[in-house]
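A structural walkthrough
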Amino acid sequence: MVGIVIISHSRPLAEGAAELAREMGVGKAVVEAAGGGPDGGLGTSPDLVEQAVATADDGDGVLLLADIGSSVLAARLLVEDYEGRAVLADAPLVEGAVAAASAAAAGVDLDGVRAAAESARDLHKR
Amino acid sequence: MSAAFTSASAAAWIRRAAELISADADRLTRLDAAIGDGDHGLNLDRGFTAAVAALPDDDTPPGGVLIAAGRAIISKTGGASGPLYGTALRRAGKALGDTGEASAEQLGKALTAAVAGIRELGGAQPGDKTMLDALTPAAEAFTASASTGIPEAAKAAVAAAVQGAEATVPLVARKGRASYLGERSAGHLDPGAASSVLLIRALADATTRTEA
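Values in this document were obtained by computation on a predicted structure and should not be read as measured data.

In terms of nonpolar packing, the biggest core is built from 116 residues, with A:Ile4, A:Ile6, A:Leu64, A:Leu65, A:Ala100 and B:Ala157 touching the most fellow members. Discounting residues that sit within four places of it in the chain, A:Leu64 has contacts with A:Val5, A:Ile7, A:Ala75, A:Leu78, A:Val79, A:Ala86, A:Val87, A:Leu88 and A:Ala89.

So, in structure tokens, the structure goes:
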């Protein structure tokens, strides 16, 4: 199954989004949180991102969702180093994670899970 | 005599950069508080302290020294400057390859590769009010002056970086946290360009010292 990693400056935000996405993935989707900086405060820890990706990866690939700034840069770096087995979704964090988890739980492949996450950009609210 | 860029020069560059950043951390953080999120000095201080701790032994070629420092900076900085400066050092290190003594021309190519790495990762262009506004002219000036030797080329790079950083003051930010401010970002020196000046100044200091 495609794994999902949520990268946020805030640990509670990453964990909350992961919790919600897991729920929407009917408890089957593997959603890991990589939130907060190297000192535990707000920020991004590329080491935590790497660990989360390793945990989420069962061989079918990993979709990354990132919030802003350094989280996006850390995700891009990881994608470079992971050579095709991890991709970054160009999607809003929460909506994208929920869509990705639903698709991943249904057995969709990495390209499809990314497409599901990115389709969340068109979910208009008014 | 033509002083080359050695493993000792690379390590001296990183150590000097850490010193300059530590000394100016409060100023960088103040600049960042004006148009960013106010953590630039703190983040870079942590990242470069980790880079100094990660410096490998003297048998490692200068490229390997820069790659090790870049990896530590990516891992420990915590802000956007970590992946950006870390990538820059890793790219510079890769460009130097296994050479034990890089010439001024090779170092110029490495600096050019470093700037390209920042541009590709962050997606900014010169004029966007970012570190690239200091680093792009610095790498160009270094390359243009390479025939005068590393210390002189590095001094030319410092002058270009200072000028480039000062030119960010009137600019409206188009990348990063400051871009949310729109027109209100004008009138402030970009903190990334300010820290970039320190990194180039550190290169000049380190190569002037190791030559002597």
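Here the focus is the pairing of strand β1 (residues 3-8) of chain A. Residue and element names in this part refer to chain A. A large share of β1 lies buried, amounting to six of its six residues. By the alternation rule, side chains of β1 split into Gly3, Val5 and Ile7 and Ile4, Ile6 and Ser8, which are all buried. Bridge count between β1 and strand β3 (residues 62-66): five bridges; the pairing is parallel. Across the sheet, Gly3 pairs through a bridge with Val62, a residue of β3. Considered for its hand, the β-α-β crossover made up of β1, helix α1 (residues 11-24) and strand β2 (residues 31-35) is right-handed.

This paragraph deals with the environment of B:Gly108. All names here are of chain B. Relative to the helices and strands, Gly108 resides in helix α5 (residues 104-122). The buried category is assigned to Gly108, around which 24 C-beta atoms lie within 10 Å. Taking C-alpha positions, Gly108 is 8.0 Å from Glu140, a pair spaced 32 residues apart along the chain. If we skip the residues at most four places from it in the chain, Gly108 touches Phe142, Thr143, Ala146 and Ala153.

The next point concerns helix α3 (residues 69-82) of chain A. Residues and elements named next belong to chain A. The terminal C-alpha atoms of α3 lie 20 Å apart, and with 14 residues this matches the ideal 20 Å at 1.5 Å per residue to within 8%. Within α3 the residues assigned to the buried category are Gly69, Ser70, Ser71, Val72, Leu73, Ala74, Ala75, Leu77 and Leu78. Positive phi appears at Glu83, one or two residues downstream of α3, with a value of about 50°.

Residue and element names in this part refer to chain A. Read across the sheet, four strands follow the order β2-β1-β3-β4 without closing on themselves; strand pairing throughout is parallel. The two strands at the open ends of the sheet, each matched to only one other strand, are β2 and β4 (86-88). Averaged over all adjacent pairs, the angle separating strand axes in this sheet is 25°, with direction ignored. Against the sheet, helix α5 (residues 110-119) contacts β3 and β4, and its axis sits at roughly 25° relative to β3.

The phi dihedral of A:Val26 falls on the positive side, at around 40°, and the residue is not glycine. By the secondary structure assignment, A:Val26 is in the loop between α1 and β2. The phi torsion at B:Lys129 lies on the positive side, around 65°, for a residue other than glycine. By C-beta crowding, B:Lys129 is classed as buried, having 28 other C-beta atoms within 10 Å.

Rules and cut-offs
Residues numbered from 1 in each chain as written. Chains lettered and ligands numbered in written order. Predicted model: local features only at pLDDT ≥ 70, side-chain atom pairs only at ≥ 80, totals over all residues. Core = buried A, V, L, I, M, F, W, Y, C linked by C-beta atoms within 7 Å. Buried ≥ 20, exposed ≤ 12 C-beta atoms within 10 Å, placed from the backbone. Contact = placed C-beta atoms within 7 Å. Helix = DSSP H or I, 4+ residues; strand = E, 2+ residues; numbered from the N terminus. Pairing = 2+ DSSP bridges. Right-handed = clockwise from strand over helix to strand, strands pointing away. Expected span 1.5 Å × (residues − 1). Axes fitted to C-alpha atoms, helices over the stretch in contact; angles between N-to-C directions.

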